[in-house]
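Chains, contacts and geometry: an overview
Each chain, written out:
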Amino acid sequence: MIQDTVTEELLLRKPRFVLLLFLIAGIVFFILDPSQTAVGHFLAPVAGNPEESGFYGRFVTSFTLAVLFIVNLVAISLLPRFRWQVIVVWLELLLLFLAFFYSFDLSFKFIQSKIWFMVTQGIFTTLYVSAISIMIAFVIAIFGSVAKLSSNGFAFAIASFYTSFFRGLPLLMQVYLIYLGFPQLGFVIGAVPAGIIALSLCYGAYMTEIFRAGIMSIDDGQWEGSRALGFKFGLTMRKIILPQSIPLIIPPTGNQFIAMLKDSSLVSVIGVWELMFLARTLGNKTFNHLEMLITAAMLYWMMSMVLEFIQARIERKFRKVQR
Amino acid sequence: MTDKEPHSELPIISITGVSKFFGDFQALADIDLAVNIGERIVICGPSGSGKSTLIRCINRLEAHQAGTIHVNGVELHQHMKDIDKVRSEVGMVFQQFNLFPHMTILENCTAGPMWVNKVPEAQARDIAMQYLERVNIPEQADKYPTQLSGGQQQRVAIARALCMNPKVMLFDEPTSALDPEMVAEVLDTMIDLAQSGMTMICVTHEMGFAKQVADRVIFMDEGRIVESAEPTQFFENPKTDRTRKFLSQVLVH
Ligand SMILES: Nc1ncnc2c1ncn2[C@@H]1O[C@H](COP(=O)(O)OP(=O)(O)OP(=O)(O)O)[C@@H](O)[C@H]1O
Ligand SMILES: [Mg+2]
């Protein structure tokens, strides 16, 4: 998207709109009744003891919150740089989240005692299972998409059956089917390989469709130009079509990788010691479920952010090559 | 004037009784055409008359359903083994250039020789630079296609085809997608090529070009060759009414 050179006047610059927003915020806060919360306690000197301040306390606390909310909004809108606005908003939302978690009264000591194990065992397993799976899925997708575009009925049938099946079943079921089904055929298979196979096949199916769309979006003229020079199919694909599709394929593939990182939690059901498995088991003995779940959640999120960052870098690099 | 064997009597391209259908629609009807080495042929005709289809059949970008096409002695058919070899000997220039946008101009030109003819890279680069000089854009070698004007891109496309050392060059309306001021530079390149003795089949409405270089002008209508004559005869004394009508339409402009 290209930004317009003329920006419309911000709604937040219109006093009427700000007033309206303030009223709405006030009413919403009033309905939610913050007088019993930490805010109420904090405002006790003005609003009176939260337990008995009643209507007046409720009014004062919601009024204060609404003022803070509006002042904050206007202040952010006054920040001169896009970047600063982004940073401030991110920090504020993060603080809100932390406050939310803090209110659970978690045992940080317990988290501290387990986090190292979660990182070395859990994150490590999650990452390598996902990385291997996405690589296999990538290879499957190249062949799958070519097969789906081919005029060979046999290849097309296999590829379309495959994508239909693996996109059609819940991933959790695929994990079970492979882990429990293979031994029926006589292959005893470990939990980690079973998880990797399930993830690869499922994501291979999705990525087949992504690759197919990427290949189809290349102009027919490229095929003809390549063919007219005497390039065979494989050469055309490798040197002409795929290099041009890759920049189109990268963003959705990055997306898939991030999704896989989290879907890999499903292989915890067959006992792979990845992050989710640890989160569910470590807290069991001492009833610190929430601690472990929140820690795992934060770790997943951090991994995803790192991946998002890497994805953005790769995208930028390819855009430069393509201009 | 020609530096290829002009004495060869065997036509390099011979098309006999060729018909082509798109579904029920007949795009080519019973076409006969033989092209000798060193011959320059211009094909013209109204839109939809099958000009593109005809020359695209010559390197089998399209399949014909009846008749035979021989290129350099090799018959083109569905199960042939060496279509890539035939294509590598037939250069084609498209209306929309079809350069590879992810490769530099030089890479566009070296790709064919290196990947198909297995020419070593250094030598392929020499060949490419030689032809880029011939089309007057050696200084653009390291740019990407989108950084060039339409006329420059089309000249690169010509150079790219020439790098394969083709026996025949096919042109499908090479100047139709260009701004008027760029048409001349591409036509000059084509005239230069014609004068060097290249065998050429050009679909074009540039009648000045036809008069200047063509050995034969072919007029097509509704999938048939209606008239085929040398330029003076064709322009001054067309045999059919359809040709006359067509000429009066193109020559007015
Ligand atoms: N892929 C296709 N599928 C169906 N019909 C087609 C296809 N390609 C061409 N045709 C039809 O075949 C006829 C001849 O097309 P062709 O492109 O050869 O004409 P042309 O003489 O090159 O015209 P123009 O001057 O517009 O390029 C047209 O009627 C066209 O609609
Ligand atoms: Mg055409």
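Let me begin by describing the structure that accompanies this report. (Residues numbered from 1 in each chain as written. Chains lettered and ligands numbered in written order. Predicted model: local features only at pLDDT ≥ 70, side-chain atom pairs only at ≥ 80, totals over all residues. Heavy atoms only, no water.)

All names here are of chain B. The strand order across the open sheet formed by four strands is β2-β1-β4-β5, and the pairing between neighbours is antiparallel. Of all the strands in the sheet, just β2 (25-35) and β5 (74-75) have a single pairing partner and so form its edges. The pairing of strand β4 (residues 66-71) with β5 spans two bridges and is classified as antiparallel. If you follow His 70 over to β5, its bridge partner there is Glu 75. (Pairing = 2+ DSSP bridges. Helix = DSSP H or I, 4+ residues; strand = E, 2+ residues; numbered from the N terminus.)

Our focus in this paragraph is the site of ligand 1. Residue and element names in this part refer to chain B. Every residue close to ligand 1 is listed here: Phe 22, Phe 25, Ala 27, Pro 46, Ser 47, Gly 48, Ser 49, Gly 50, Lys 51, Ser 52, Thr 53 and Glu 173. Ser 47 is positioned with one of its side-chain polar atoms (N or O) 2.6 Å from an oxygen atom of ligand 1. Within the contact set of ligand 1, an oxygen atom lies 2.7 Å away from a side-chain nitrogen or oxygen of Lys 51. Alone, ligand 1 offers 630 Å² of accessible surface; in the complex the protein occludes 59% of this. No other element matches the three residues that helix α1 (residues 51-58) contributes to the shell around ligand 1. Classifying every residue of the shell around ligand 1 gives four nonpolar, six polar and two charged. (Near = heavy atom within 4 Å. Polar contact = N/O pair within 3.5 Å; in protein donor to acceptor, adjacent residues only side chain to side chain. Areas by Shrake-Rupley, 256 points an atom, 1.4 Å probe, with all protein chains shown as cover. Nonpolar A, V, L, I, M, F, W, Y, C, P; charged D, E, K, R; others polar.)

Attention shifts here to the interface of chain B and chain A. Counting residues at the interface gives 24 residues for chain B and 20 residues for chain A. Interface area for chain B against chain A, summed over the two sides, is near 1900 Å², with a carbon-plus-sulfur share of 60%. At the junction of chain B with chain A, the criterion picks out two salt bridges. Between Asp84(B) and Lys232(A) there is a salt bridge, with the nearest N and O atoms lying 3.0 Å from each other. Across the chain B-chain A interface, the total number found is six residue pairs in polar contact (both at pLDDT 80 or more). Elements supplying a minimum of two residues to the side of chain B that touches chain A: α2 (83-89), β6 (90-93) and α3 (105-115) of chain B. The class makeup of the residues in the side of chain B that touches chain A is 13 nonpolar, seven polar and four charged. (Contact = heavy atoms within 4.5 Å. Buried area = accessible area lost by both parts, 1.4 Å probe. Salt bridge = Lys/Arg side-chain N within 4 Å of Asp/Glu carboxyl O.)

The values are spatial; any link to function lies outside them.
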